[in-house]
Amino acid sequence: MYTTIYTLVKPIPPAKLLLEESDITTWNGGILEEMEIDREAKKAEETAELQKKDDARDEIASALIQEIRLAAKSPIVEKRAPGQRLKIVVDTYKGITRENLASETAHIKALLNDLDKPAAVADLAAIGQTKLVQMLRTANEEFDAMYIKRLDFDVSIKNLPSGKVIRLKNDKMMAVIFRHIETAYMMAASDEDRKLVSELIDRINAAIHKAKTVYNTSGKKKEDGDPKQPKEPKEPKTPEKPKEPKQPEKPGGGSGEQPKKPDEKPKDPKKPDDGNPDITLPEE
């Protein structure tokens, strides 16, 4: 919702909405920060994908070790001798697939380094297992790349504020933006500017209405299959466009009195009161 409304507001010059460019920048910063926090929800999905990569390399590593051990027992002399030499190498890494992820990655790299030596390369070719070594190298590199990416992700979200805190901050900022938009309509310098702001308000309310409709029709299902509808969000207020003020009668006509000057100065749009803005988001 925040992103949608930001997209609607961004093309309009801030001055037309009684805003500063810094207000728009701050607003967008809060939205991006919340998006970063939302990424944490993807953590479980990425963990599952990482596990698949680990399972794939485990399968290949186990197959390679098994093939080498079988070759070491082969009745075919041309396979048995190189198999026995290779078995000495792989036995050094016994239990490699049961190690923790980081250790396994490092030890597979070490194993591949040993198997890259000229004598080992020749023995692998003799028993026909060069392809498995290539597959293990690829699988380990893919896992390592994803693992490093996951570590970077964990670091990036470690010091972020909680979702509740940033959402509250963004709600307050949205209220300020809405207040400015409504004030900009009332204080528009021309009919053209008033029309511009009026159309923006209509688009914002349409976006809010659409979000509410989607929310109301996307009820979750219980584990037993019975549908459960979410609580209905509060009806967002439609921003009312203020009526044009009546022109005071000139002296000598009607009552003949001069219009009274207001005692209070117009409210500063930068200092909105504590009331809810006319444009409000539905509660989640």
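About the criteria used
- Think of each chain on its own: its residues are numbered from 1, step by step along the sequence as written.
- Local features in this predicted model are restricted to residues whose pLDDT is 70 or higher, and side-chain atom pairs enter the listing and the counts only when it is 80 or higher, whereas totals over whole chains, interfaces and linings include all residues.
- Hydrogens and waters are ignored; side-chain quantities use all the structure's heavy atoms.
- For every residue, the accessible area obtained with a 1.4 Å probe (protein chains only) is divided by the maximum for its type, and the residue is called buried under 20%, exposed over 50%, and partly exposed between those limits.
- Elements are defined by DSSP. Helices are runs of H or I of four residues or more, strands are runs of E of two residues or more, and each kind is numbered from the N terminus.
- Arc, as used here, means the arc of the directions from the helix axis to the C-beta atoms.
- The axes are straight lines fitted to the C-alpha atoms, using for helices just the contacting stretch, and the angles between their N-to-C directions are given from 0 to 180°.
- These descriptions rest on fixed angle ranges, namely under 35 degrees for roughly parallel, over 145 for roughly antiparallel, 65 to 115 for roughly perpendicular, and the rest for oblique.
- Crossing handedness follows the turn of the near helix against the far one: under a right angle anticlockwise gives a left-handed crossing, and clockwise gives a right-handed one.
- When checking whether two residues touch, look at their non-hydrogen atoms; a contact exists if any pair is within 4.5 Å.
- In this classification, the charged set is Asp, Glu, Lys and Arg, the nonpolar set is Ala, Val, Leu, Ile, Met, Phe, Trp, Tyr, Cys and Pro, and all remaining amino acids, among them Gly, are polar.
- The predictor's confidence in any single residue is recorded as pLDDT, a number from 0 to 100.
- Should a side-chain nitrogen of Lys or Arg be within 4 Å of a carboxyl oxygen of Asp or Glu, the pair is scored as a salt bridge.
- Only buried residues count toward a nonpolar core. Its members are Ala, Val, Leu, Ile, Met, Phe, Trp, Tyr and Cys residues joined through side-chain atoms within 4.5 Å.
- Any pair of Phe, Tyr and Trp rings, taking the six-membered ring for Trp, is counted once the centres come within 6.5 Å. Such a pair is stacked with planes under 30 degrees apart, edge-to-face with planes over 60 apart, and tilted for the rest.
- Note on criteria: charge over ring means Lys NZ or Arg CZ within 6 Å of the ring centre, with the direction from the centre no more than 35 degrees off the ring normal.

## What to know about helix 1 (residues 2-9)
Tyr 2, Ile 5, Tyr 6 and Val 9 are the residues of helix 1 that are buried. Down the axis of helix 1, the sector holding all buried residues measures 105 degrees, keeping them to one side.

## Overview of the packing of helix 4 (residues 77-91) against helix 6 (residues 118-127)
At their nearest, the axes of helix 4 and helix 6 sit 9 Å apart, and the two run at 135 degrees to each other. The pairing of helix 4 with helix 6 is recorded here as oblique in orientation. Between helix 4 and helix 6 lies a crossing whose hand is left-handed. The residues of helix 6 that touch helix 4, namely those facing Glu 78, Lys 79, Pro 82, Gly 83, Arg 85 and Leu 86, are Ala 120, Asp 123, Leu 124, Ala 126 and Ile 127. For the contact of helix 4 with helix 6, the per-class residue count stands at 6 nonpolar, 1 polar and 4 charged.

## Structural notes on the confidence of the model for the chain
Summarising the model, the chain shows a mean pLDDT of 78, and 68% of its residues fall at 70 or more. Low pLDDT (under 50) marks residues 220-239, which in the prediction has 36 contacts with non-local residues, meaning those over four places away or in another chain. For residues 245-266, every residue scores under 50 in pLDDT, and the model assigns this stretch 7 contacts once sequence neighbours within four places are set aside.

## Points about the pattern of salt bridges
A full pass over the atoms with the stated rule returns 12 salt bridges. The residue Arg 69 makes a salt bridge to Asp 91 at a minimum N-O spacing of 3.3 Å. Here the residue Arg 69 occupies a position in helix 3 (residues 43-72), and Asp 91 occupies one in helix 4, the gap between them amounting to 22 residues. The exposure class assigned to Arg 69 is partly exposed, which follows from its relative accessible area of 28%. The exposure class of Asp 91 is partly exposed, given its relative accessible area of 32%. A salt bridge links Arg 85 to Asp 123, with the nearest nitrogen and oxygen atoms 2.8 Å apart. A residue pair is termed long-range when its members are at least 10 positions apart, and Arg 85 in helix 4 and Asp 123 in helix 6 qualify at 38 residues.

## Observations regarding the nonpolar core
In this structure, Ile 5, Val 9, Leu 17, Trp 27, Ile 181 and Ile 204 are the most contacted members of the largest nonpolar core, which totals 22 residues. Those elements that provide at least two residues to this core are helix 1, helix 2 (21-38), helix 8 (163-186) and helix 9 (191-216). If you tally residues by element for this core, the top one is helix 8, at 7 residues. Counting residues in each nonpolar core, the second largest holds 21 residues, with Leu 64, Ile 68, Ile 108 and Leu 111 among its members.

## Points about the environment of Asp 23
Assignment of secondary structure puts Asp 23 in helix 2. For Asp 23 and Ile 177, which are 154 residues apart along the polypeptide, the C-alpha to C-alpha distance reads 8.4 Å.

## Quick look at the environment of Asn 28
Looking at the secondary structure, you find Asn 28 in helix 2. Looking at Asn 28, the relative accessible area reads 21%, which means it is partly exposed. Separated by 142 residues in sequence, Asn 28 and Asn 170 have C-alpha atoms that sit 9.4 Å apart.

## A short note on the packing of helix 4 against helix 5 (residues 101-115)
Packed helix pairs are characterised by how far apart their axes lie and by the angle those axes make with each other. Axis separation between helix 4 and helix 5 bottoms out at 10 Å; the angle between their running directions is 155 degrees. Judged by the inter-axis angle, helix 4 sits roughly antiparallel to helix 5. Two packed elements cross with a definite hand, and for helix 4 against helix 5 that hand is right-handed. Side by side, helix 4 and helix 5 meet where Leu 86, Val 89 and Val 90 of the first sit next to Leu 111, Asp 114 and Leu 115 of the second.

## Observations regarding the packing of aromatic side chains
Summed over all chains, the structure comprises 2 aromatic pairs. Aromatic side chains Tyr 6 and Trp 27 sit 5.3 Å apart centroid to centroid with 75 degrees between the ring planes, which places their arrangement in the edge-to-face category. Taken together, the positions of Tyr 6 in helix 1 and Trp 27 in helix 2 put the pair 21 residues apart, joining distant regions of the chain. The residues Tyr 6 and Trp 27 share a single accessibility class, namely buried. Where Phe 143 meets Tyr 147, the ring centres are 5.8 Å apart and the plane angle is 20 degrees; that geometry is what we call stacked. One end of the pair is Phe 143 and the other is Tyr 147, both in helix 7 (residues 130-158) and 4 residues apart, which spans about a single turn. The buried category is assigned to Phe 143, whose relative accessible area is 0%. The ring of Phe 143 carries Arg 57 above its face, with NZ or CZ at 3.7 Å from the centroid. One residue, Arg 194, lies across the ring of Tyr 185, its end atom 5.7 Å from the ring centre.

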